[in-house]
Amino acid sequence: KHVRVLTIGNSFTRNATRFLGEVTESAGCQLTHQMLSIGGSPLELHASKALAFEQDPTDSHGRYAHGESLQEALQSVEWDFVTIQQQSIKSHDIETYRPYARQLADIVHRYAPQASLLFHQTWAYRIDDPRFTGAGTSAGEPTTQEAMYRGLSEAYRVITAELSARRIPVGDAFWIADNDPT
């Protein structure tokens, strides 16, 4: 089986797909994977790039560092799956997904209608992350690992329901693994 995946996201997307090729190969499958990733980027940045390209294909803001736009990437291969991921620190706040997740979903459906749209759930920071000590927390950010997990889990659940998409529950898996007492 040959699986074709386009991932749109940030460093968490890079981390999560680092061994995807090896895992796919070990299952006896072939993988075509392209990543549109900008470290630290929220959905808003990816949506603004795509909208800039739609308004003016010559606008450099509408292209990624390698020179291709989202729309061109979507048309370059007959993708089976397209994933999008919110910036980790914003992932707990559903309002940071709107309207950008819908804008991206509409573009994916328009340029790659055969692809299944998946939201690649991010995961909560480690329990000892400085943001949870109080000193590194900004207003509106979660103050504990559990608060971050609960917020991002709910936000991903809500946005996937709104957009009739599916969710890759990576954050749930990390939470379960991190909180298993055995």
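Bear in mind that the values here come from a model prediction, so they are computed numbers and not experimental data.

Right, let's talk about the overall build of the protein for a bit. Across its full length, the protein holds seven helices and five strands. Going residue by residue from the N terminus, the α and β elements of the protein occur as β-α-α-β-α-α-β-α-β-α-β-α. Relative to the 2.2 N^0.38 estimate, which gives 16 Å for 182 residues, the radius of gyration of the protein is 17 Å and therefore close to what a compact globule would have. The principal-axis extent of the C-alpha atoms belonging to the protein is close to 45 × 40 × 30 Å. Burial statistics for the protein: of 182 residues in total, 44% are counted as buried. When contacts within the protein are restricted to residue pairs at least 6 apart in sequence, those whose partners lie at least 24 apart make up 74%. When the accessible surface of the protein is summed, it comes to about 9300 Å², and 52% of that surface belongs to carbon and sulfur atoms. Of the side chains in the protein, 16 bear a positive and 22 a negative charge, and the two mean positions are spaced by 2 Å.

Moving on, we come to the nonpolar core. One finds Leu6, Leu70, Leu74, Val82, Tyr97 and Phe119 to be the most contacted residues of the largest nonpolar core, which totals 41 residues. Elements with a contribution of two residues or more to this core: strand E1 (2-9), helix H3 (43-55), helix H4 (70-76), strand E3 (81-84), helix H5 (100-111), strand E4 (116-120), helix H6 (145-162) and helix H7 (170-179). Sort the elements by how many residues they give to this core and H6 lands first, with seven residues. Setting aside chain neighbours within four positions, we find phenylalanine 119 in contact with Ile84, Ala101, Tyr156, Ile159, Thr160, Leu163, Ala165, Arg166, Arg167 and Ile168.

On to the pattern of salt bridges. What the rule picks out here adds up to 10 salt bridges. A salt bridge links glutamate 54 to arginine 110, with the shortest nitrogen-to-oxygen separation between them at 2.9 Å. Pair noted here: glutamate 54 is in helix H3 and arginine 110 is in helix H5, with a separation of 56 residues, a long-range link. Measuring nitrogen to oxygen at the nearest pair gives 2.6 Å for the salt bridge that ties glutamate 72 to arginine 63.

For the rest of this paragraph, the subject is unusual backbone geometry. Of note, the bond from arginine 98 into proline 99 is cis; its omega dihedral lies within 30 degrees of zero at -5 degrees. Inspection of the secondary structure puts proline 99 in the loop between E3 and H5. Look at serine 164: it is not a glycine, yet its phi comes out positive at around 50 degrees. Here serine 164 is to be found in the loop between H6 and strand E5 (166-168). Accessibility expressed as a relative area gives 71% for serine 164, which makes it exposed.

Side-chain positions along a regular strand alternate between the two faces of the sheet. When you tally the buried positions in E4, you get four out of five residues, the bulk of the element. Pairing of E3 with E4 involves four bridges; the strand directions are parallel. Paired with threonine 83 across the two strands is leucine 118, which belongs to E4. Traced from E3 through H5 to E4, the parallel crossover comes out right-handed. Sheet analysis places E4 next to E5, joined by three bridges and oriented parallel. The residue of E5 that forms the bridge with leucine 118 is arginine 166.

The rules behind the values
- Residues numbered from 1 in each chain as written.
- Predicted model: local features only at pLDDT ≥ 70, side-chain atom pairs only at ≥ 80, totals over all residues.
- Heavy atoms only, no water.
- Helix = DSSP H or I, 4+ residues; strand = E, 2+ residues; numbered from the N terminus.
- Rg over C-alpha atoms; globule rule 2.2 N^0.38 Å.
- Buried < 20%, exposed > 50% of the residue type's maximum accessible area, 1.4 Å probe, protein only.
- Contact = heavy atoms within 4.5 Å.
- Areas by Shrake-Rupley, 256 points an atom, 1.4 Å probe, with all protein chains shown as cover.
- Lys, Arg positive; Asp, Glu negative; His and termini not counted.
- Charge placed at Lys NZ, Arg CZ, Asp CG, Glu CD.
- Core = buried A, V, L, I, M, F, W, Y, C linked by side-chain atoms within 4.5 Å.
- Salt bridge = Lys/Arg side-chain N within 4 Å of Asp/Glu carboxyl O.
- Pairing = 2+ DSSP bridges.
- Right-handed = clockwise from strand over helix to strand, strands pointing away.

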